[in-house]
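For reference, the chains in residue letters:
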Amino acid sequence: MFKVHFSVVLATLFTLPVYSQETQSTLQTVLSNAPTIINLSANHPNTLDTPAIKDLDASPESDLIRYGRLLIIDTYKQLPNNVNNKLNCSSCHLNEGRVAKAAPYVGMNVVYPKFRSRNAKINTIEDRINGCFQRSMNGQPLATDSVQMQAIVGYMNFLSLNIKSKDDLQGKTGFVTINKELIPNAGNGKTLYAQHCASCHQLDGQGLYPNNTYMFPAVAGNQSFNDGAGMARTYTAAAFIKGNMPLGQEGMLTDQQAVDIAYYFSHLERPVFANKVNDWPQGGAPKDVRR
C-alpha cells in the first residue's frame, strides 16, 4: 500500500520542530490510548478527496499529523486547559475538517496569512486557530510554538497536500451563500428548531453527551460557543445550517428557515466574550455581530 511520507513535502508546507525523544514517546503513548470517536458526519455528501490518515507511515512526522487529527476530533477532552466547553473542532468543521462548505481545513496552506477585518490585522493560521479556541471553544489560546499547535497545523497541511494555489479551492471553502437580506423570525425559528434540530441537540440546545461521551454538540448554554464566535452570528450560522443540516438531509431547508433557526438558537443563553467590544476596530462590522 502506498504510504505518504510527510517529510517529502515539509519544505513547501511548514517547518517541523525538532522534538525530544521524550516528546515523541509521549505522542506515541497518547495515540495508542486514543479513544474511538464516532464520526457522525463521515458520510457527508460534500466530503472532499484528501490524503488518508491510514496511509501515513510510521515516522515522527506522521505521528504529529495523527495527533493533530486527534486534537480536532476530541478537542475538549484532549485540551482541557484550553477548552472551557464541550465542543470539538469537528463539531463545526465536519468530517474531521474535510467537508466543502463546512469551513474545511483543506487549503488553509494557501489561504493564510491573510488580512481579517475583525481584528484589522494580517492573521497567520495560528492566529486563526487561537481565535477559535477563544471564541468557539470559549477558552484559552495555544502557545504558537507548542506541540499541540504544530500538530493541528500539520494535520491541516496534510489535508492540503494537493492544494497548490487558491485556484484549487473553487467551491470548497467557507459556507454556502445565504440571503442576508432576510429578516429572521425567532418564533418560527423555535418551531423549526424543535422539528429539525432538537432530536440531536436537545430542546434546550444543551447537546447530547451519553455517559460522558460526545454525540451531538451543545448549541446553547455554558457548554457551547460564546457570543463572540462566528456561529453566534445569525447569517453565518444560517449558512452552515443551510449547507449541512440536518445531517443526512443536507440542503432541505430554505434560506428563510435556516435564518430563522439560526437566529433562535444563536440567541439562546451562552457565555459572553468580553473582548468582542474590540472587534472591527476600523468599522464595517456585519449587521449580525453580537453586541
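Before reading on, note that the structure itself is shown above.
Note that the structure is predicted; figures quoted are calculated from it, not measured. Every chain begins its residue count from 1, and numbering advances along the sequence as written. Per-residue local features are limited, in this predicted model, to residues with pLDDT of at least 70; the limit for side-chain atom pairs, both in listing and counting, is 80 or more; totals at the level of whole chains, interfaces and linings are taken over all residues. As a rule here, side-chain values come from all non-hydrogen atoms in the structure, and water together with hydrogens is ignored.

Novice: Please give an account of the overall build of the chain that cites residues and values.
Specialist: Helix and strand content of the chain: twelve helices and two strands. Ordered by position from the N terminus, the helices and strands of the chain form the series α-α-α-α-α-α-β-β-α-α-α-α-α-α. Taken over C-alpha atoms, the radius of gyration is set against a globule rule of 2.2 Å times the number of residues to the power 0.38. Relative to a compact globule of 291 residues, whose C-alpha radius of gyration would be 19 Å, the chain shows 19 Å and is just as compact. Over its C-alpha atoms, taken along the principal directions, the chain stretches across nearly 55 × 45 × 35 Å. When the 291 residues of the chain are sorted by exposure, 49% land in the buried category. By sequence separation, contacts in the chain at least 24 residues apart represent 71% of the contacts at least 6 residues apart. Charge counting follows a simple rule: Lys and Arg are positive, Asp and Glu are negative, and His as well as the terminal groups are ignored. Every charge is mapped to an atom, namely NZ of Lys, CZ of Arg, CG of Asp or CD of Glu. The centroid of the 26 positive side-chain charges in the chain is displaced by 5 Å from the centroid of its 22 negative side-chain charges. In this description a helix means any DSSP run of H or I spanning at least four residues, a strand means any run of E spanning at least two, and both kinds are numbered starting from the N terminus. Residue burial is assigned from relative accessible area. The probe radius is 1.4 Å, only protein chains are included, and a residue is buried under 20% of its type maximum, exposed over 50%, and partly exposed in between. Working rule for contacts: check all heavy atoms of both residues, and any pair within 4.5 Å makes them a contact.

Novice: Residues and numbers for the pattern of salt bridges, please.
Specialist: We define a salt bridge as a side-chain nitrogen of Lys or Arg found within 4 Å of a carboxyl oxygen belonging to Asp or Glu. Under the counting rule described, the total for this entry stands at seven salt bridges. Across the pair Arg-233 and Asp-288 runs a salt bridge whose closest N-O atoms are separated by 3.1 Å. In this pair, Arg-233 sits in the loop between α10 (198-201) and α11 (234-244) while Asp-288 sits in the segment after α12 (255-266), placing the two residues 55 residues apart along the sequence. For Arg-233, a relative accessible area of 18% translates into the label buried. Residue Asp-288 is classed as buried on the basis of its relative accessible area, which comes to 8%.

Novice: Tell me about the environment of Ile-129, and name the residues and values.
Specialist: One can find Ile-129 in helix α7 (residues 125-134). For the pair Ile-129 and Asp-260, spaced 131 residues apart in the sequence, the C-alpha separation amounts to 29 Å. If sequence neighbours within four positions are ignored, Ile-129 has contacts with Met-149, Ile-152, Val-153 and Met-156.

Novice: So what's going on with the side chain of Asn-123? Which residues, and what values?
Specialist: Mapped onto the secondary structure, Asn-123 falls in strand β2 (residues 121-123). Not counting the four nearest positions on each side in its chain, Asn-123 is found in contact with Tyr-112, Pro-113, Lys-114 and Arg-116.

Novice: Tell me about the environment of Ile-152, and please be specific about residues and values.
Specialist: Mapped onto the secondary structure, Ile-152 falls in helix α8 (residues 147-159). The class for Ile-152 is buried, based on a relative accessible area of 2%. Measuring from C-alpha to C-alpha, the distance between Ile-152 and Gly-68 comes to 4.2 Å, with 84 residues separating the pair along the chain. Contact partners of Ile-152, with chain neighbours within four places excluded, come to Gly-68, Leu-71, Ile-72, Ile-129, Phe-133 and Leu-142.

Novice: Hey, could you go over the nonpolar core for me, with residue numbers and the actual values?
Specialist: Of all hydrophobic cores here, the largest spans 70 residues; its most connected members are Ile-129, Phe-133, Ile-152, Tyr-193, Ile-241, Ile-261 and Phe-265. With nine residues, α8 is the single largest residue contributor to this core. When near neighbours in sequence (up to four residues on either side) are disregarded, Phe-133 contacts Thr-75, Leu-79, Asn-82, Val-83, Asn-138, Gly-139, Gln-140, Pro-141, Leu-142 and Ile-152. Residue types Ala, Val, Leu, Ile, Met, Phe, Trp, Tyr and Cys, when buried and joined through side-chain atoms within 4.5 Å, form a set referred to as a nonpolar core.

Novice: Give a description of the packing of helix α2 (residues 21-32) against helix α3 (residues 60-73) that names residues and reports values.
Specialist: Packed helix pairs are specified by the crossing angle of their axes together with the interaxial distance, meaning the distance between the axes. In this description, a line fitted to the C-alpha atoms serves as the axis of each element, helices being fitted only across the stretch in contact, and the angle between N-to-C directions of two axes falls anywhere from 0 to 180 degrees. Direction vectors running N to C along α2 and α3 enclose 45°, while the axes themselves pass 10 Å from each other. Considered as vectors, α2 and α3 are oriented oblique to each other. By crossing handedness, the relation of α2 to α3 is classed as left-handed. For the pair α2 and α3, contact is made by Gln-24, Leu-27, Gln-28, Val-30 and Leu-31 and by Pro-60, Asp-63, Leu-64, Arg-66, Tyr-67 and Leu-70, respectively. When residue character is reported, Ala, Val, Leu, Ile, Met, Phe, Trp, Tyr, Cys and Pro are called nonpolar, Asp, Glu, Lys and Arg charged, and the others, Gly included, polar. Split into classes, the residues belonging to the contact of α2 with α3 amount to seven nonpolar, two polar and two charged. Note that the term roughly parallel is reserved for angles under 35 degrees, roughly antiparallel for angles over 145, roughly perpendicular for angles of 65 to 115, and oblique for everything else. Helix crossings fall into two classes, left-handed where the near helix is turned counterclockwise from the far one by less than a right angle and right-handed where it is turned clockwise.

Novice: Break down the packing of α3 against α8 for me, with residues and values.
Specialist: At a closest axis distance of 7 Å, the pairing of α3 and α8 adopts a crossing angle of 95°. Taken together, the axes of α3 and α8 are roughly perpendicular relative to one another. Within the contact between the two elements, α3 uses Leu-64, Ile-65, Tyr-67, Gly-68, Arg-69, Leu-71 and Ile-72 and α8 uses Val-147, Gln-148, Gln-150, Ala-151, Ile-152, Gly-154, Tyr-155 and Phe-158. A breakdown of the residues in the contact of α3 with α8 according to their chemical character gives ten nonpolar, four polar and one charged.

Novice: Tell me about a nonpolar patch on the surface, and name the residues and values.
Specialist: To count toward a patch, a residue needs a relative accessible area over 30% and no salt bridge; like charges are then connected within 9 Å, while nonpolar side chains (Val, Leu, Ile, Met, Phe, Trp, Tyr) are connected within 5 Å. Using a 1.4 Å probe, accessible areas were evaluated by the Shrake-Rupley method; residue-level cover was limited to the displayed protein chains. A cluster of nonpolar side chains, contributed by Ile-38, Leu-40, Met-215 and Leu-247, occupies part of the molecular surface with about 340 Å² of accessible area. With respect to the helices, strands and loops of the structure, Leu-247 is situated in the loop between α11 and α12. Using a relative accessible area of 33% as the deciding quantity, one classes Leu-247 as partly exposed.

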